Amino acid sequence: MTQNSKDKALNIIVVLSIFIIIISSTAFAQQRSGGGNKKPGGSITGQIIDSALKTSIEYATIILFNQRDSVQTTGTSTDETGFFTLNSLRPGRYYMQISFLGYELKKIDEITITSDNLTPDMGQILLVQSTQRIDGIRVESERPAMEYKIDKKVINVEKLYTATSGTAVDVLENTPSVTVDFDGNVALRGSSSFTVLIDGRPSILDPNDALEQIPASAIENIEIITNPSAKYDPDGNSGIINIILKKNKFNGTSAIFNTRSGFDYNYGGDFIINHKTSVYNAFINVDYNKRSRPGTTTENNWTISNDRTFYVLSSGSSDRGMTGFGLRGGIDFSLSPNDNIGLGFRYGERERDGGSSSNHTEWNDIDNLHTDYSGINNSERSGHFYTLNMNFLHKFSKKNHELSGQVICSRRDMIDEQKSKVLDTDETISSGQMTKGDGPADRWRIKLDYILPIREKQKLELGYQSRLSISVDNNRQYEYDSTSGEYEALPEYNTSPEYTRNIHALYAMMGGESGNLGYQVGLRGEYTYRNIDIDEGTQTFNINRWDYFPTIHFSWQFNENQQIITSYARKIRHPRGRWLEPFETRSDAYNIRVGNPGLKSEYTDSYELGFQKSIGRNMISAELYYRVTHNKIDFIQTVYPDSVDIFLNSIVNVGTDYSYGSELMVNMTPFKFWDINLTGNLFHYKVDGAIDGESFSNDNFLWNSRLNNTFKLSEKTRIQMSGRYRSKSVSSQGQREGQATADLALKHDFISKVFSATLQVRDVFGSGKRESISEGTDFYRYSLRERKSPSVTLSLTYNFNNLKPERDRNGEDMAEDDF
C-alpha cells in the first residue's frame, strides 16, 4: 500500500469515525432527553436465582420481546448479584426469555408496562439446572461447529479455530459442500459459480476477492444456501454463501480486538467497537491483513507444429501475496415500535501481487538442440472500493405483515499490471511484455419486499429489485525494446470497452404449513439489458432478454428430531465483463488471453432431497442432489499460431455438464471432552460438448471429505485437529490430481472469554499442492505447484464488555466451549 493510499485511508477513518460518533452521540442525547414532549420510558427489573442452590446467577442473558409481533425489543445480562434492568421501554405488552449455560430456558409471558405502572419489578426469577454431574464432573451443553437447518447450513466460525488467523476462505476450507484449491479459489459443490452476500447484501468485488477481504475473526456465522428461493438473485449455479459479521446483541458499549502474526510476512489485526441502546445501535470496524504464499513450480510441456514436437521443461519459485485494509460502520435507529431504519458503509483497499522466477530448457525431436533461458513474471492488482447502504422496515398492525426496502450503491477502482521478461543465460533480456488495465465500476441496487400473512401459517411474499451497473476497462499493452531498455507502448492494441448491464426483477412466493407439511412455491422474472461498447462505438454487442426462474420447496416433519426436505431451483450464471472482451491480452510470456463477446449465459436446473435426524446431541444430515448446466462455460487452451511455447486461452460454451451425488454430515460427541464433525461428498461429474468442432465427453466419480476433532484438555484449553481430502477431478481438456491436507490448532483462555491465544499450524505435513494436466490434439501441459509449509500463526483476542466470563453454580469460573 503506497504512502498516499495510507494517508487517504487514515483521512477516511478519521472522517467516518467522527461521523459515527456524532450520530451516536446525537441519538444518545435524544434518548436521554426523552425527545421533548415524549413521555419518559419504562423499565423492568428483577433478579435471577438458582432454583436449587438459591444463589444468584451472574451473566444470565435476558431478552425482551414484543408480545404483538415477537420482535426482540432489547436485552441485557445480570450483574454479579444476579440483578438486571431493562430501560427506556415504551408502554405495551411484552414477554421475556432468560437463558444461561447449564440451565433450562425460562419464559415469562404477559409483562405489561402502562402509564400507571412504568417500572414493573419481576422479583426473584428461578432457573432450573439442566446440566448433570457425574462423579463430580460437570457436563455442559456446547454449540456445534456446524448446524444443519431445513434450508441452509450454518457454520459457527468461532468454533473453527484452525482458521482463526485467516480469512473467510480459510473458514470455508472446513465447510460442508465447499472446496478450496491451492490458490484459494472457492467452489461450491464443485462449481466456481456462486453468489457471495455480506450480511445479506451483495459485494461489488468478485466472489473470491470479497471472501479474501474479510478476516475470519470478524465473522459470526457463514450460511450455505444451495437452493435459494425466488426472493434471492438467481445468479450462481451452485448457490449462495452468506457471511454474517459480528454484532453486539446487548445494550451498552462493547469491543473485540484481534491480532495475529506468523512466518513469511503473514500478519494482521482487526477491532470492532459497538454501542447499543433501545433506540439505536452504532458500530465501527477496522481490519488490516497481509498474507504471503511462497512456493515452487514445475512444468513439463510439449507442442506439435510443422511435424515437429517441441519440448519445454521449467522449474522455479513463486510467491503470491495479498494485502487488505477494510473499514465498515453503521447505525440502526428504532423510530417507533413498528419502524426501523439503518445506514451503513464499507470501504476497502486491496493489493494482490504475484511473482515467479523459473529456469527453462527447450528442444525439439528433430535436431535435439537444447536451449536454456529463464523467465521472470510479476503481476499486481490493486485499488479501492466502497459501499453505502440504507434499509428500512415497517411492521403493520397484523403480525408478520411487513414492508421493507434497501438501497445500495457501490464503486470499485482497480489497477491491473502484468509484466514478464525472458532472459538469456548471460541474463540479457531477450524479450518482454507488459499489460496495464484500469477503470471504475459503479453499481446500484434497489430492493422492495412485501410480506402479507393470509392465514396463521400461510403468507404471500412479493418483491421488486433493480440492479444497475456500468464499468470501463482501459487496456494498454507494451513490449520490451532492447535498444532503449524500456517497455514501449503499443497504441494499436489499446482498448477501452464500456459495459452496461441492467437487470429488473419481480418475484412472488406463496408459503405455509399444513400439518406436518411445509411448502413454498415461487416464481421470479428478470429482464436483462446488456451492452458492450468498444472504443466509442467501433464495436457494440448487446442483449435484451427475459428469463424466468421457478423455485419449489417442500418439507415433511416426522417429529421434532426428524425431517425431510425436497427442492428445485433454476439458476443463471452471467458472463463476467473480462470474459467478453474480443481482443488479445498478455497474461505472461507464455499465455495470451482472449474473450468472447458471443458467450451465452449458463442455465442450471438444480434438484435436492435432504434428510435430517437428531439423536440427543448428535446430528445426522444426508442430502441427494442432481444438477444439470446448459451452455457450460469453460476455458480452452490451444497453441498460439506460429508459436511453439505460447498458449492461447479462450472461453467458450462447450456444451452441457451434469452432477449428481450425495452429501453426508455427522456431528458426534462420543465423550464429554471430544467433539467430532465429519462431512463427505460423493458425486459423479460428466461434461459433454464440442471444441473446435470435435465432440468430447469426460466424466469421473469424485469424493471429498473433511474431519474435525476437538478435544477439551481442560476448562480453558482445547486442541483441534482437522483433515481434508479431495479426489481427482476432470474438465473439458484435462484433469487435476487429488490432495490431502491437515491442520492443527491449540487455544487457551488466559482470562475466560476475555483474553485468549490460539496457535495455528496449517498444512502440517506439507502435502498441499496443485497438480494438473491439460491436453489437446497438438499440445500437452503438466503443472505442479507446491507451497512452503507448514504455516504457523499466533492469534490473540481480547473482548471488552462483550463475551464475559461466566460462573458455575458453586461460584467457580466456567468457560463455555466456544471459540
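Because the structure is a prediction, the values reported are computed rather than measured. (Residues numbered from 1 in each chain as written. Predicted model: local features only at pLDDT ≥ 70, side-chain atom pairs only at ≥ 80, totals over all residues. Heavy atoms only, no water.)

## Observations concerning the overall build of the protein
- The secondary structure content of the protein amounts to three helices and 49 strands.
- Within the protein, the proportion of its 819 residues that are buried is 51%.
- If you take every contact in the protein between residues at least 6 apart in sequence, the share linking residues at least 24 apart comes to 65%.
- When the accessible surface of the protein is totalled, it reaches about 37100 Å², and 54% of it is carbon and sulfur. (Helix = DSSP H or I, 4+ residues; strand = E, 2+ residues; numbered from the N terminus. Buried < 20%, exposed > 50% of the residue type's maximum accessible area, 1.4 Å probe, protein only. Contact = heavy atoms within 4.5 Å. Areas by Shrake-Rupley, 256 points an atom, 1.4 Å probe, with all protein chains shown as cover.)

## Some thoughts on the pairing of strand β2 (residues 61-66)
- The buried count for β2 comes to five of six residues, which makes it a mostly enclosed element.
- Looking at chain direction, β2 and strand β3 (residues 72-77) are connected through five bridges and run antiparallel. Within the sheet, the bridge partner assigned to Thr61 lies in β3 and is Ser77.
- Counting the residues between successive antiparallel strands, the hairpin from β2 to β3 contains five residues, one of them, Ser70, with a positive phi of roughly 60 degrees.
- Of the pairings in the sheet, the one linking β2 to strand β5 (residues 92-99) comprises six bridges and is antiparallel in character. (Pairing = 2+ DSSP bridges.)

## Some thoughts on the nonpolar core
- Core analysis: the largest hydrophobic core is formed by 29 residues, its most contacted members being Val186, Leu211, Ile222, Ile241 and Ile243.
- Those elements that place two or more of their residues in this core are α2 (168-172), β12 (178-180), β13 (186-188), β14 (195-198), α3 (207-213), β16 (219-225) and β17 (240-245).
- The element contributing the most residues to this core is α2, with four residues.
- In contact with Leu211, not counting residues within four places along its chain, are Thr167, Ala168, Val169, Leu172, Val186, Phe194, Val196 and Ile243.
- Of all hydrophobic cores here, the second largest spans 19 residues; its members include Ile62, Phe84, Phe100 and Ile125. (Core = buried A, V, L, I, M, F, W, Y, C linked by side-chain atoms within 4.5 Å.)

## Focus: the environment of Arg293
- Structurally, Arg293 is set in strand β20 (residues 280-305).
- For Arg293, a relative accessible area of 30% corresponds to the partly exposed category.
- The spacing of Arg293 and Asp183 is 110 residues in sequence and 8.9 Å in space, taken between C-alpha atoms.

## Notes on the packing of aromatic side chains
- With the rule as written, the count across this model stands at 20 aromatic pairs.
- Taken together, a centroid distance of 5.6 Å and an interplanar angle of 10 degrees make the contact between Phe671 and Phe673 stacked.
- For Phe673, a relative accessible area of 39% corresponds to the partly exposed category.
- Centroid distance Trp674 to Phe711: 5.4 Å. Interplanar angle 20 degrees. Geometry classified as stacked. Separated by 37 residues along the polypeptide, Trp674 in strand β38 (residues 674-691) and Phe711 in strand β39 (residues 694-712) bring together distant segments of the chain.
- Its relative accessible area of 23% is what places Trp674 among the partly exposed residues.
- You can call Phe711 buried: its relative accessible area is 18%. (Phe/Tyr/Trp six-rings, centres within 6.5 Å; stacked < 30°, edge-to-face > 60°.)

## Things to note about the pattern of salt bridges
- One pass over the full model with this rule turns up 37 salt bridges.
- When the shortest N-O distance is used, the salt bridge between Arg411 and Asp442 registers 2.8 Å. Residue Arg411 is located in strand β24 (residues 402-423), and its partner Asp442 is located in strand β25 (residues 429-455); the two are separated by 31 residues in the primary sequence.
- Taking the relative accessible area as the measure of exposure, Arg411 reaches 25% and is therefore partly exposed.
- The salt bridge involving Arg724 is made with Asp743; its shortest N-O contact spans 3.0 Å. In this pair, Arg724 is assigned in strand β40 (residues 717-726) and Asp743 in strand β43 (residues 739-751), connecting sequence segments 19 residues apart. One exposure class covers both Arg724 and Asp743, and it is buried.
- What emerges from the salt-bridge pattern is a single network uniting Asp170, Glu173, Arg291, Arg724, Asp743 and Arg762. (Salt bridge = Lys/Arg side-chain N within 4 Å of Asp/Glu carboxyl O.)

## Quick look at the environment of Asp365
- Position of Asp365 relative to the elements: it lies in the loop between β22 (339-364) and β23 (371-395).
- When the C-alpha atoms of Asp365 and Thr309 are compared, they prove to be 5.7 Å apart, with 56 residues separating the residues in sequence.
- The contacts of Asp365, once residues within four sequence positions are left out, are Arg308, Thr309 and Tyr311.

## Observations regarding the sheet that holds strand β1 (residues 42-50)
- In spatial order, the strands read β4-β1-β7; together these three strands make up an open sheet with mixed pairing. Single-partner strands in this sheet number two, and they are β4 (83-89) and β7 (121-127). In this sheet, neighbouring strand axes are inclined to one another by 25 degrees on average, regardless of whether the strands run parallel or antiparallel.
- Here five bridges tie β1 to β7, and the two strands are oriented parallel to one another. Bridging from a neighbouring strand, Gln47 pairs with Gln124 of β7. (Axes fitted to C-alpha atoms, helices over the stretch in contact; angles between N-to-C directions.)

## Thoughts on empty space enclosed by the protein
- What the rule picks out here adds up to eight cavities of 30 Å³ or more.
- Taken as a whole, the second largest cavity encloses approximately 480 Å³ of empty space.
- Along the walls of the second largest cavity sit 32 residues, with Arg291, Ser292, Arg293, Arg762 and Ser791 positioned nearest its centre.
- When residues of the lining of the second largest cavity are traced back to their parent elements, those giving at least two are α2, β19 (266-276), β20, β44 (755-762) and β47 (791-800).
- Looking at which element gives the most residues to the lining of the second largest cavity, the answer is β20, with six residues. (1 Å grid on protein atoms, 1.4 Å probe; cavity = no way out; pocket = protein on both sides within 12 Å on 5 of 7 lines; lining within 4 Å. Points joined across faces, edges and corners; volume = space filled by probe spheres on them.)

## Let's talk about the sheet that holds strand β6 (residues 106-113)
- On the basis of which strands lie adjacent, the open sheet formed by four strands has the order β3-β2-β5-β6 and antiparallel pairing. Whereas interior strands pair on both sides, the edge strands pair on one side only; in this sheet they are β3 and β6. Within this sheet the neighbouring strands show an average axis-to-axis angle of 20 degrees, counted without direction.

## Focus on the confidence of the model for the protein
- Counting all residues, the mean pLDDT for the protein is 84, and 88% of those residues have values of 70 or more.
- Segment residues 12-39: pLDDT under 50, and 28 contacts once partners within four positions in sequence are set aside and those in other chains are kept.
- Confidence over residues 803-819 falls short of pLDDT 50; this stretch has 65 contacts with residues more than four positions distant or in other chains. (pLDDT = per-residue confidence, 0-100.)

## Some words on the pairing of strand β36 (residues 618-639)
- Relative to β36, strand β35 (residues 602-615) runs antiparallel, the two sharing 13 bridges. By the bridge assignment, Tyr607 is partnered in β36 with Tyr626.
- Both β36 and strand β37 (residues 647-671) contribute to a ladder of 19 bridges, which runs antiparallel. If you follow Asp634 over to β37, its bridge partner there is Val652.

## With respect to unusual backbone geometry
- Of note, the amide linkage connecting Ser789 to Pro790 takes the cis form, showing an omega dihedral of 0 degrees.
- Here Pro790 shows up in the loop between β46 (779-787) and β47.
- In the Ramachandran plot, Asp264 falls in the positive-phi region, its phi being about 60 degrees despite a non-glycine side chain.
- Along the chain, Asp264 falls in the loop between β18 (252-262) and β19.

## Examining the side chain of Asn799
- Structurally, the position occupied by Asn799 is in strand β47.
- On the basis of relative accessible area, Asn799 is assigned to the buried category, the value being 10%.
- When near neighbours in sequence (up to four residues on either side) are disregarded, Asn799 contacts Ala255, Ile256, Lys753 and Val754.

## Focus on a nonpolar patch on the surface
- Side chains of Leu517, Val521, Ile552, Phe554, Trp556 and Phe558 sit close together on the surface and give an oily, nonpolar patch of about 490 Å² of accessible area.
- Put simply, the parts of the chain that give the nonpolar patch at least two residues each are β30 (517-534) and β31 (539-559).
- Broken down by element, the residue count for the nonpolar patch peaks at four residues, all from β31.
- Inspection of the secondary structure puts Phe554 in strand β31. (Patch = residues over 30% accessible without salt bridge, like charges linked within 9 Å, V, L, I, M, F, W, Y side chains within 5 Å.)

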